[in-house]
Every structure is written in C-alpha cells, then in structure tokens.
Amino acid sequence: MEVENISSNKSFGGWNKQYSHFSDVLGCQMRFAIYLPPQAEHGAKVPVLYWLSGLTCTDENFMHKAGAQRVAAELGIAIVAPDTSPRGEGVPDDPEAAYDFGLGAGFYVNATQAPWSKHYQMYDYVVKELPALIESEFAVSDQRAISGHSMGGHGALVVALRNAQRYSSVSAFSPISNPINCPWGQKALGNYLGDDHQSWAQYDASELMRASTSQMPALVDQGSADNFLVEQLQPEALQAASSQSGYPLELRMQEGYDHSYFFIASFIEDHLRFHAANFKNV
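This text gives an overview of the structure that appears in the document. In this numbering scheme, every chain counts its residues from 1 along its sequence in written order. Thresholds applied to this predicted model are a pLDDT of at least 70 for local features of residues and 80 or more for the giving and counting of side-chain atom pairs; totals over whole chains, interfaces and linings are not thresholded and use all residues. Excluding hydrogens and water, the side-chain figures rest on all heavy atoms present in the structure.

What about the overall build of the protein chain?
Move 1: Runs of E in the DSSP output that reach at least two residues are strands. Runs of H or I that reach at least four are helices, and both are numbered from the N terminus. Each helix and strand counted, the protein chain has 10 helices and nine strands in total.
Move 2: Scaling as 2.2 N^0.38, a compact globule of 282 residues should have a C-alpha radius of gyration of about 19 Å, and the protein chain matches this with 17 Å.
Move 3: Taking the principal axes of the C-alpha coordinates as reference, the protein chain spans close to 50 × 45 × 35 Å.
Move 4: Throughout this description, buried means an accessible area under 20% of the type-specific maximum (1.4 Å probe, protein chains only), exposed means over 50%, and partly exposed covers the range between. The buried share among the 282 residues of the protein chain stands at 60%.
Move 5: With residues, only the protein chains shown are counted as cover, and all accessible areas are computed by Shrake-Rupley using a 1.4 Å probe. Accessible surface, the protein chain: about 11,100 Å² in total, of which carbon and sulfur atoms supply 47%.
Move 6: Averaged over its 17 positive side-chain charges, the protein chain has a centre that lies 7 Å from the centre of its 31 negative ones. Our radius of gyration is a C-alpha quantity, and the globule rule it is checked against amounts to 2.2 Å times the number of residues to the power 0.38. For the charge count, each Lys or Arg is scored as positive and each Asp or Glu as negative, with His and the chain ends excluded. In this description, the location of a charge corresponds to atom NZ of lysine, CZ of arginine, CG of aspartate or CD of glutamate.

Focus: helix H10 (residues 261–278)
Move 1: Expected span of a helix: the number of residues minus one, times 1.5 Å. Between its first and last C-alpha, H10 extends 25 Å over 18 residues, near the 26 Å set by a 1.5 Å rise per residue.
Move 2: Two axes define the bend at a residue: one fitted to the seven residues ending there, one fitted to the seven starting there, and the bend is the angle between them. At Phe267, H10 shows its largest bend, some 50°.
Move 3: Among all positions of H10, only Tyr261, Phe263, Ile264, Phe267, Ile268, His271, Leu272, Phe274, His275 and Ala276 are buried.
Move 4: Counted as a polar contact is a pair of N or O atoms within 3.5 Å, where, for protein atoms, one must be capable of donating a hydrogen and the other of accepting one, and residues adjacent in sequence contribute only when both atoms are in side chains. Of the residues flanking the start of H10, the one acting as N-cap is Ser260, its side-chain oxygen 3.2 Å from the backbone nitrogen of Phe262.

Quick word on the pairing of strand S3 (residues 28–36)
Move 1: With seven of nine residues buried, S3 lies mostly within the body of the structure.
Move 2: In this scheme, strands are said to pair when DSSP sees at least two bridges between them. From the end of strand S2 (residues 14–23) to the start of S3, which pair antiparallel, there are four residues, and Gly27 there has a positive phi angle of about 70°.
Move 3: Relative to strand S5 (residues 78–82), S3 runs antiparallel, the two sharing four bridges. Each residue of the ladder has a partner; that of Ile34, found in S5, is Val80.

Things to note about helix H3 (residues 122–137)
Owing to its 3.6 residues per turn, the α-helix brings residues three or four apart onto one side.
Move 1: At Leu130, H3 is bent by approximately 35°, the largest bend along its length, and proline Pro131 sits one to four residues beyond.
Move 2: Within the sequence span of H3, burial applies to Met122, Tyr123, Asp124, Tyr125, Val126, Val127, Glu129, Leu130, Pro131, Leu133 and Ile134.

Considerations on the side chain of Ser206
Move 1: Mapping Ser206 onto the fold places it in helix H7 (residues 205–211).
Move 2: Whether two residues are in contact is decided by their heavy atoms: any pair within 4.5 Å suffices. In this structure Ser206 touches Ser177, Asn178, Ala237, Leu238 and Ala241, once residues within four positions along its chain are discounted.

Brief notes about the pattern of salt bridges
Two side chains bearing opposite charge may form a pair once their charged atoms approach each other closely.
Move 1: The salt bridge definition used is simple: a Lys or Arg side-chain nitrogen within 4 Å of an Asp or Glu carboxyl oxygen. Considering all chains together, one arrives at 12 salt bridges under this definition.
Move 2: Glu269 serves as the salt-bridge partner of Arg70, at 3.1 Å between the closest nitrogen and oxygen. Pair noted here: Arg70 is in helix H2 (residues 69–75) and Glu269 is in helix H10, with a separation of 199 residues, a long-range link.
Move 3: Of the charged contacts, one joins Glu135 and Arg144 as a salt bridge, the two residues approaching to 2.7 Å between their closest N and O atoms.
Move 4: The class of Glu135 is partly exposed, set by a relative accessible area of 23%.
Move 5: Overlapping salt bridges, with partners in common, bring together Arg70, Glu74, Glu269 and Arg273 in one network.

Digging into the packing of aromatic side chains
Move 1: Aromatic contacts are taken between Phe, Tyr and Trp rings whose centres are within 6.5 Å, Trp giving its six-membered ring; a plane angle under 30 degrees counts as stacked, one over 60 as edge-to-face, and the others as tilted. One pass over the structure, following the stated rule, counts 16 aromatic pairs.
Move 2: Taking the centre distance of 5.6 Å and the plane angle of 40° together, the rings of Tyr257 and Phe263 count as tilted.
Move 3: Ring-pair connections join several aromatic residues into one group, and the members of that group are Trp51, Phe62, Phe173, Tyr257, Phe263 and Phe267.
Move 4: The ring of Tyr123 is capped by Arg162, whose NZ or CZ atom sits 4.2 Å from the centre of that ring.
Move 5: Geometry around Tyr203 places Arg162 over its ring, the cationic atom sitting 5.0 Å from the centre. Each ring is checked for a lysine NZ or an arginine CZ that lies within 6 Å of its centre and within 35 degrees of its normal; such an atom marks a charge sitting over the ring.

Brief notes about the nonpolar core
Move 1: Residues Phe107, Ile134, Ile146, Val170 and Tyr192 are the most contacted members of the largest nonpolar core, which totals 67 residues.
Move 2: Ranked by residue count, the leading element in this core is H3, at eight residues.
Move 3: Those residues within four positions of Ile134 in sequence are excluded, and the remaining contacts are Phe32, Ile34, Tyr50, Val80 and Val140. For this analysis, a nonpolar core means a set of buried residues of the types Ala, Val, Leu, Ile, Met, Phe, Trp, Tyr and Cys, connected via side-chain atoms within 4.5 Å.

Structural data, given as structure tokens:
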C-alpha cells in the first residue's frame, strides 16, 4: 500500500507528519497524521496511541490543538490520528449537509445501509486496515492503545471493548457514552445501520461495558460545563455499566471544563502517562 507524505514538521525532537493513501476498505483516498517520537529515529519500535476525533474534525485537529507532542516525545509513544470519515468524489454526504452525519461524522461503524455501506466502513478501517499500514511503514511495535474525543471517544471505547486483545488500554474525553439513547447516536446508527435496534448495541459503549469481562484499564474525563453533557454524552450510563459488570473504569468529572480542545489540552498529559503505564517496557 503506497503512502504519500503531505507534510513534515519537526516537533520536540520527533516528527509530526501527514500522509495520504488509498483505502481499500473505504474505497477512497484517506489522510492520517502521525507523530513519531525521537526514539523512533534510533531504531526502536515504539508503541502507538490511536486518536479518534469528533464530529466535524479531521486528522489535523488533535495534532494542532492538543499539545500532546512534548509528552509523547518524553515517553517514546507514537500518535496516529486518522480522519473521521471517508471523503472525496462519490462519497455520499448528508443531503441536508448537517454537521452530525455524513462527511466528518463516520461514527466509527461499519454501515450496512445504502448508500453509506459502500464507503462508510470506519470500524474496519480503524481496527484493521490503518494499524496494518502503520505497522508496515513506520518504526512502531504492535503495542496499541486507543483514545478519542466525543464521537471519537465513543469510537475508542467501542473499538477497545470489542477488541480487548488488540489494545493495552483505552481512554476518552467527553465520549458519546450511550448512543442508542441520544439524538446524535440515534441519527447516525439509524441511517448507517437501519431500523434493527438490536444491531445498534454493538456500537454502544455502555451496552458493551455492561456485558464485558475484559479488565483492560479505561480512563474517561468529562467536563461538568460541557453543553452536550445531559442530552448527548450521558456518562452516567457508562458509570452504571461499569458498576454492573465490575469493569475497571476511572471516570473523572472535571469541574468547569467544556467540550473544547482547551479541555483536552488540560488533561492530555494524564492520558498519555496512563497509556504509557499500561504499555510493556515503556
């Protein structure tokens, strides 16, 4: 699989790079960003944190706004941030151009309904195709962690809970915790998956955590001043699921913080150190 380098910027002794490649899974050209810490230039294969962004975002938001590179360089962790949906000519979008569905809002599911099913296979892209590409092209190991924000927090939790053998740890900022019971989730899952509500549960972190027997560590931060807290995010559902199954979830309510990248930048160091502590030999 050929990758084309779009940009390269040195950062804290490592490199922040952006690449383009054709995705067989999504049937379109895709972009991702990667931060390679200085340790990767000296022959070491470093572990990888995959970051999934939220509604309307691209691969650039986290790399430009989170301020994660300094700590990633110290810890020797690569960070990979894919785009949030397929894009390009022929990729369908919400007919009303709404921000919460279609382009920029792939929801990290494998769509089953036309016309979305031809391209919107973001779950398989994140779980299978992208890691295989990263591990074949860059000086990284097969140690993986996953994190994300909002829609991406939903994606990170779902991916980790369904693939516990592939990840050391999972974290999230302001995740959509119970999408089968919130407007964003109902719109996305209904359009991508159809009317069979039973099929939605496989992409609901609270439903998955309630049934999970995994002991993969999970850290979730949620701001108390988040405009979407009550209607869309519903962290109490995730906490209840954790309590029911005994899942090792640490959910922290952060007083006064909102849904923005100011929130993420404030606590990203905690998350990176959390993941580093769960990687082997890091």
